[in-house]
Amino acid sequence: MLILAIALYFVLACLISWMVLFPAGREFVLSAIAGAGQRLQQRMGQIAQRRHQDASALGRTGRASAGEVGSFLRQHYVLCLGGAALICVPPLLALLMSSKSTLSGFDTSTREVNTQVADLLQGEQLVPPQALPPLVFASAEVALERPMLVSASRDWALMDAAYAQRLLMAFKIMKEKHGYDMAILEGYRSPERQNKLAAMGPNVTNAAAFQSWHQYGLAADCAFLRDGKLVISEKDPWAMRGYQLYGEVAESLGLTWGGRWKMMDFGHTELRMPGVMKR
């Protein structure tokens, strides 16, 4: 391999020396290069001419084909229109039918939550129950569970109408489906009262004035009635079971249930409307 490389190098060196030292060598090499260039130029010209001829023939063939297609369409336009209709009409019908079925899917729903909320939105107006005697909220057991409950507002008229209807629907379901009578402990709460409760410590509330949905009539605290007495404490197994059911019903109606909070408030529900509370 090394010998071959040396031999090629020797031949190349001799050729270069011949071209440099002898004019005849230079003329021979230059004429050879010029001849090769002319032959290459002639070959490229032939190729270009052949491509031009092919393109012209293709253009003539395309124009002839287009003319034949146009003539066929003019002679058989009825068949062409019928074929186009057969191709286009079935997809259009399928598209229209799928659109109708998609829209109709929003009209009906088998989910219980949607049915209950739909009943509320369709104008079913539930009437608040009769107010309980004030003494029901003044017992020692109630005062131990809920301080200052005697002075709380239980006026349904001060609550937001949309929230009040959902809360009344929850009361209705709890009674008819689960056998629990419910009572409202506190609905609307003034900013002054909210601050007083917050001053009593985090075991009562962490929210100051206008940090609670009570100030907007969109929250209420509720409990159960058993034998004419309020049952508030979740330590009572019957009441705890009721709170669990109440949470499920309230959430099915689109309400937020306090039983899922870190500081659990089982009897609390609220309707969080966008743009109402600015924190």
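Per chain, the residues get numbers from 1 upward, laid out in the order the sequence is written. In keeping with the model being predicted, local features are shown solely for residues with a pLDDT of at least 70 and side-chain atom pairs are shown and tallied solely at 80 or more, while totals for entire chains, interfaces and linings include all residues. Hydrogens and water are ignored here; the side-chain numbers use all heavy atoms of the structure.

Going by the annotation in an unreviewed UniProt entry, the name recorded for the protein chain is M15 family metallopeptidase, with Duganella violaceipulchra given as the source organism.

### So, the nonpolar core
To form a nonpolar core, buried Ala, Val, Leu, Ile, Met, Phe, Trp, Tyr and Cys residues must be joined to one another through side-chain atoms within 4.5 Å. A 1.4 Å probe rolled over the protein chains alone gives each residue an accessible area, and that area as a share of the maximum for its type sets the label: buried under 20%, exposed over 50%, partly exposed in between. The biggest cluster of nonpolar side chains holds 46 residues, and the ones touching the most others in it are Leu167 and Leu230. Each helix is a run of H or I in the DSSP string that is no shorter than four residues. Each strand is a run of E no shorter than two, and both are numbered from the N terminus. Contributions of two or more residues to this core are made by helix H6 (161-178), strand E1 (181-186), strand E2 (219-226), strand E3 (229-231) and helix H8 (237-252). Considering every element that reaches this core, the biggest residue donor is H6, with nine residues. When near neighbours in sequence (up to four residues on either side) are disregarded, Leu230 contacts Val136, Phe137, Val142, Ala183, Leu185, Phe224 and Leu225. Note on definitions: a residue-residue contact is assigned when non-hydrogen atoms from the two residues lie within 4.5 Å.

### Examining the pattern of salt bridges
We define a salt bridge as a contact between a side-chain nitrogen of Lys or Arg and a carboxyl oxygen of Asp or Glu at a distance within 4 Å. Enumeration according to the criterion identifies nine salt bridges in this entry. The partner of Asp221 in a salt bridge is Arg189, with the nearest N and O atoms 3.3 Å apart. Note that Asp221 is positioned in strand E2 and Arg189 in the loop between E1 and helix H7 (191-199), a separation of 32 residues in sequence. The residues Asp221 and Arg189 share a single accessibility class, namely buried. We note a salt bridge from Asp236 to Arg226, for which the minimum N-O separation is 2.7 Å. Residue Asp236 is located in the loop between E3 and H8, and its partner Arg226 is located in strand E2; the two are separated by 10 residues in the primary sequence.

### Side note on the environment of Pro129
Summarising the element assignment, Pro129 is placed in the loop between helix H4 (112-121) and helix H5 (140-145). Residue classification places Pro129 among the partly exposed positions, given a relative accessible area of 44%. With near-sequence residues (within four places) excluded, Pro129 lies in contact with Trp156 and Leu168.

### Concerning the packing of aromatic side chains
Aromatic pairing here means that ring centres of Phe, Tyr or Trp (its six-membered ring) are within 6.5 Å. Orientation follows from the plane angle: under 30 degrees is stacked, over 60 is edge-to-face, and everything else is tilted. Scanning all chains against the criterion turns up nine aromatic pairs. Between Tyr180 and Trp238 the ring centres are 4.7 Å apart and the planes differ by 25°, which places this aromatic pair in the stacked class. One end of the pair, Tyr180, is in the loop between H6 and E1; the other, Trp238, is in helix H8, with 58 residues separating them in the sequence. A relative accessible area of 6% means that Tyr180 is categorised as buried. Residue Trp238 is classed as partly exposed on the basis of its relative accessible area of 26%.

### Observations regarding the layout of surface pockets
Put plainly, a pocket is an open set of points on a 1 Å grid over the protein atoms alone with protein on both sides within 12 Å along at least five of seven lines, a cavity is a set where a 1.4 Å probe fits but cannot get out, and a lining residue has an atom within 4 Å of a point. Grid points are joined across faces, edges and corners, and a volume is the space filled by probe spheres set on the points. Each pocket or cavity is described by its volume, and for the largest pocket that value is around 980 Å³. Where the lining of the largest pocket is concerned, the elements lending two or more residues are H5, E1, H7, E2 and strand E5 (268-270). For the lining of the largest pocket, a count of residues per class yields 15 nonpolar, 10 polar and 12 charged. Within this model, the second largest pocket holds a volume of roughly 230 Å³. Lining of the second largest pocket is provided by Val136, Ser139, Glu141, Val142, Glu145, Gly228, Lys229, Leu230, Val231, Ile232 and Ser233. Of all the secondary structure elements, the ones that give two or more residues to the lining of the second largest pocket are H5 and E3. Note on residue classes: Ala, Val, Leu, Ile, Met, Phe, Trp, Tyr, Cys and Pro are nonpolar, Asp, Glu, Lys and Arg are charged, and everything else, Gly too, is polar. Each residue belonging to the lining of the second largest pocket can be placed in one class, and the counts come to five nonpolar, three polar and three charged.

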